[in-house]
Amino acid sequence: MFPVDGRAAWGDTYGALRSDVPGGWHHGDDLFAALGTPVVAVADGTVFSVGWNRVGGWRLWLLDANGHQFYYAHLSGYTAAGSNERVVHRGQVLGCVGN
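Residues numbered from 1 in each chain as written. Predicted model: local features only at pLDDT ≥ 70, side-chain atom pairs only at ≥ 80, totals over all residues. Heavy atoms only, no water.

## Let's talk about the packing of aromatic side chains
Considering all chains together, one arrives at four aromatic pairs under this definition. Plain terms: the ring middles of W52 and W58 are 5.3 Å apart, the flat faces sit at 65° to each other, and that makes the pair edge-to-face. You can call W52 exposed: its relative accessible area is 53%. A residue is classified by how much of its surface remains accessible, and W58, at 43% relative accessible area, is partly exposed. Both rings, one in W61 and one in Y71, keep their centres 4.7 Å apart while their planes meet at 40°; by these two values the pair is tilted. Separated by 10 residues along the polypeptide, W61 in strand β5 (residues 57–64) and Y71 in strand β6 (residues 69–72) bring together distant segments of the chain. Residue class for W61 comes out partly exposed when judged on its relative accessible area of 25%. (Phe/Tyr/Trp six-rings, centres within 6.5 Å; stacked < 30°, edge-to-face > 60°. Buried < 20%, exposed > 50% of the residue type's maximum accessible area, 1.4 Å probe, protein only. Helix = DSSP H or I, 4+ residues; strand = E, 2+ residues; numbered from the N terminus.)

Purely geometric numbers; function is a separate question.
Here's what the structure looks like:
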């Protein structure tokens, strides 16, 4: 499942040099969509680490039953499902695209 529920663009920047993150390399891929576009859970799992950080802005993590972790960053807001320790299902809206 794609994490953006709407039109989105992206490029593979995983591993690219980045001076603003630990280790100096980009640890993910950025997805670009219109402000407010819904972002959804890519798997059944548990939401954690909801809140603000310097690099990702408003962000959250999703942990699935197999131990895979998915990072959602640069959000403009959260739904009730985008709350710490919330169990969610694949496709459930967690929040919205920000900057």
